[in-house]
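Residues per chain, in single letters:
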Amino acid sequence: MLFRYVPDQTPQDHYAEGVLDALSPSQRRGAELFRGKARCDQCHGGPEFTAASIRNGNNGRAFANIGITDQTTDPGRGRGMFKSPTLRNVELTAPYFHTGKYLTLRQVVDFYDRGGDYDNVDKDAQVRRLGLTEGEKTRSEEHTSELQSHSDLVCRLLLEKK
């Protein structure tokens, strides 16, 4: 039996619904960074935190070349393009990227801050040096961790009882 659960009751969801105190001041700064300077929402936006969804209408960023590998040896879907996954429960899905190259969210944030690992003519224009401070990197990492719902634990417990 295949069971898929997508949490939608995270503090971030409540904040998006207008509950302003659902996020701490630090978490709000992380959310602002996510949508602003860090540019995360360009590929991981909307309620599903991905551009690769039916709801978001595949807004042209479902597959993107982010410069994670040399595209001559790892072409992905063509021209080095790989699917933009959801960031919901991202803390539970390490290692990251299709190669499993990075083991922590901090390594992923550092990857995007330096503009990827490989420059090439097909790399998406959204992937470029960000110039994040150490504090901004920490807030960005904490914000993505915040997308995990406490209901994940309940879901796992229910599955264990079956």
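For the structure given in this document, a descriptive report is provided here.

Conventions and cut-offs
- Residues numbered from 1 in each chain as written.
- Predicted model: local features only at pLDDT ≥ 70, side-chain atom pairs only at ≥ 80, totals over all residues.
- Heavy atoms only, no water.
- Helix = DSSP H or I, 4+ residues; strand = E, 2+ residues; numbered from the N terminus.
- Buried < 20%, exposed > 50% of the residue type's maximum accessible area, 1.4 Å probe, protein only.
- Contact = heavy atoms within 4.5 Å.
- Areas by Shrake-Rupley, 256 points an atom, 1.4 Å probe, with all protein chains shown as cover.
- Axes fitted to C-alpha atoms, helices over the stretch in contact; angles between N-to-C directions.
- Parallel < 35°, antiparallel > 145°, perpendicular 65-115°, else oblique.
- Left-handed = near helix turned anticlockwise from the far one by under 90°.
- Nonpolar A, V, L, I, M, F, W, Y, C, P; charged D, E, K, R; others polar.
- Arc of directions from axis to C-beta.
- Salt bridge = Lys/Arg side-chain N within 4 Å of Asp/Glu carboxyl O.

Concerning the overall build of the protein
Regarding its fold elements, the protein presents 5 helices and 2 strands. Start at the N end of the protein and walk to the C end: the helices and strands fall as α-α-β-β-α-α-α. In the protein, which comprises 162 residues, the share counted as buried stands at 38%. Contacts in the protein between residues at least 24 apart in sequence constitute 58% of all its contacts with a sequence separation of at least 6. For the protein, the computed accessible surface area is about 9500 Å², with 54% contributed by carbon and sulfur atoms.

Here we look at the packing of helix α3 (residues 105-113) against helix α4 (residues 134-145)
Taken N-terminus to C-terminus, the directions of α3 and α4 make an angle of 125°; their axes are 9 Å apart at the nearest point. Judged by the angle between their axes, α3 and α4 are oblique. Relative to α4, the crossing made by α3 is right-handed. Counted together, Leu-105, Arg-106, Val-109, Asp-110 and Asp-113 of α3 and Glu-134, Lys-137, Thr-138, Ser-140, Glu-141, Thr-144 and Ser-145 of α4 form the full contact between these two elements. Residue composition of the contact of α3 with α4, grouped by class: 2 nonpolar, 4 polar and 6 charged.

Describing helix α2 (residues 25-35)
All of the buried residues along α2 are Gly-30, Ala-31, Leu-33 and Phe-34. End-on, the buried residues of α2 take up no more than an arc of 160°, which puts them together on one face.

Some thoughts on the pattern of salt bridges
As enumerated under the stated definition, the model contains 10 salt bridges in all. Lys-37 is the partner of Glu-136 in a salt bridge, and the nearest nitrogen-oxygen pair spans 3.0 Å. On the criterion of sequence distance, the pair formed by Glu-136 in helix α4 and Lys-37 in the loop between α2 and β1 (63-64) is long-range, its members being 99 residues apart. A relative accessible area of 13% means that Glu-136 is categorised as buried. When salt bridges with common partners are traced through the structure, they connect Arg-106, Asp-110, Asp-113, Glu-134 and Lys-137 into a single cluster.

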